[in-house]
Amino acid sequence: MKMSIKTISKMTGFSPATVSNALNNKKGVGRETSERILAVAKEHGYFPEPKIDNIKLVIYKWDGIIVSDTPFFSAIIGGIEDEARKAGYETTLCNLSPRNADFHDVRNQLLNDPNSALLLLATEMDEEDAKPFINTISPLVMIDNWFEDTIFDAILIDNTDMSCNAVKYLIAKGHKEIGYLKGSIRIKNFFYREEGYKRALATAGIELNPAYSFSLTPTMEGAYVDMQMFLAQGKPLPTAFFADNDIIALGAMRALQEKGFRIPNDISVVGFDDMPFCAVSNPPLTTVRVHKEEMGRIAVRKLFDKMKHNPGARTKIQVCSTFIERDSVAAIE
């Protein structure tokens, strides 16, 4: 059966005018109605083969506490723009937030744009947020997130393995009481880093002590204030901490130092990400270097592969990180 607006109208029960408006992203069509029409149109091959001349980097934000204007995300974006430019493609940045009134309209335009391939920076996404993107008519690659039940091609950090290695490093330095500076917003990256922290302790036969897990706001100032509060309670501290990321680590270090703790003499700290300021912090922070620019470049290459060959199998690519030893960890007897 040749697909047309009239055919889709008969299949869905909506008027041809409503179907036309939904297919062309015009206002006045309810969200559920639009999604139903678009799903039927895609399922039955209504949309023509896309002719892509643009790459859209969709930056998904709930509140922007995690995905913010930091060197981490700037480096990923820089890698994307550089790789796309080499291949002759323009990159357009699009911020997408459920908090915005036009969220559903903007999202539907992205999902049904035949001229743009999508890179989805999904750090702040959960599985429900991701589901509508299954129905995009153009190639899509997800960056910095992945979901077990919602399969996308994805470019990821080796979170669990490298956090496990970081904690093993602390154990090799003689630490047996190792705490966890835990981001209070539980994005998937932090979940997998916690798994690595637990795995390293279990492998070494060290019992997990919940009293050494401190939940901190994942901003520099927020982590500092929260750590001050924990220290004011006078709770026992471990000899070392593994932090979900560098921002949390450095905020906590400031609070510890103001309380009179010497780092690393009294307490050792390991971060994750290797932000540029880690090399000049006091002391310079031992951390895990995420190859952020390369993540962006690999995402673009994977997107080009989908554009050219449209392989059926989905792939999950983990970009291996590097452990960076500096001065924030001391060996103990």
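For the structure itself, consult the block above.
First, a word on what this report is: a plain description of the structure on this page. Just so you know, these numbers come straight off a predicted model, no measurement behind them.

1. What to know about the nonpolar core
Thought 1: Leu-119, Ile-143, Leu-181, Phe-214, Leu-216, Met-227 and Phe-242 are the most contacted members of the largest nonpolar core, which has 71 residues in total.
Thought 2: Other than its neighbours up to four places away in sequence, Phe-214 contacts Tyr-180, Leu-181, Lys-182, Met-227, Phe-230, Leu-237 and Phe-241.
Thought 3: Judged by nonpolar contacts, the second largest core, of 20 residues, contains Leu-110, Leu-118, Trp-146 and Leu-156.

2. Thoughts on the pattern of salt bridges
Thought 1: Applying the stated criterion across every chain, the model contains 24 salt bridges.
Thought 2: In this structure, Lys-302 engages Asp-153 in a salt bridge whose closest nitrogen and oxygen atoms are separated by 3.8 Å. Separated by 149 residues along the polypeptide, Lys-302 in helix H11 (residues 292-309) and Asp-153 in the loop between strand E4 (140-143) and strand E5 (154-157) bring together distant segments of the chain.
Thought 3: Given the relative accessible area of 10%, Lys-302 is considered buried.

3. What to know about the pairing of strand E6 (residues 178-183)
Thought 1: Along E6, five of the six residues are buried, which leaves the element largely enclosed by surrounding structure.
Thought 2: As paired elements, E6 and strand E8 (residues 240-243) share four bridges and run parallel to each other. Among the inter-strand pairings, Gly-179 is bridged to a residue of E8, identified as Phe-241.
Thought 3: Direction of pairing for E6 relative to strand E7 (residues 213-216): parallel, over a ladder of four bridges. In the strand pairing of E7, Leu-181 is matched with Phe-214.
Thought 4: Crossover E6 to E7 through helix H8 (residues 188-203) is right-handed.

About the criteria used
- Residues numbered from 1 in each chain as written.
- Predicted model: local features only at pLDDT ≥ 70, side-chain atom pairs only at ≥ 80, totals over all residues.
- Heavy atoms only, no water.
- Core = buried A, V, L, I, M, F, W, Y, C linked by side-chain atoms within 4.5 Å.
- Buried < 20%, exposed > 50% of the residue type's maximum accessible area, 1.4 Å probe, protein only.
- Contact = heavy atoms within 4.5 Å.
- Salt bridge = Lys/Arg side-chain N within 4 Å of Asp/Glu carboxyl O.
- Helix = DSSP H or I, 4+ residues; strand = E, 2+ residues; numbered from the N terminus.
- Pairing = 2+ DSSP bridges.
- Right-handed = clockwise from strand over helix to strand, strands pointing away.

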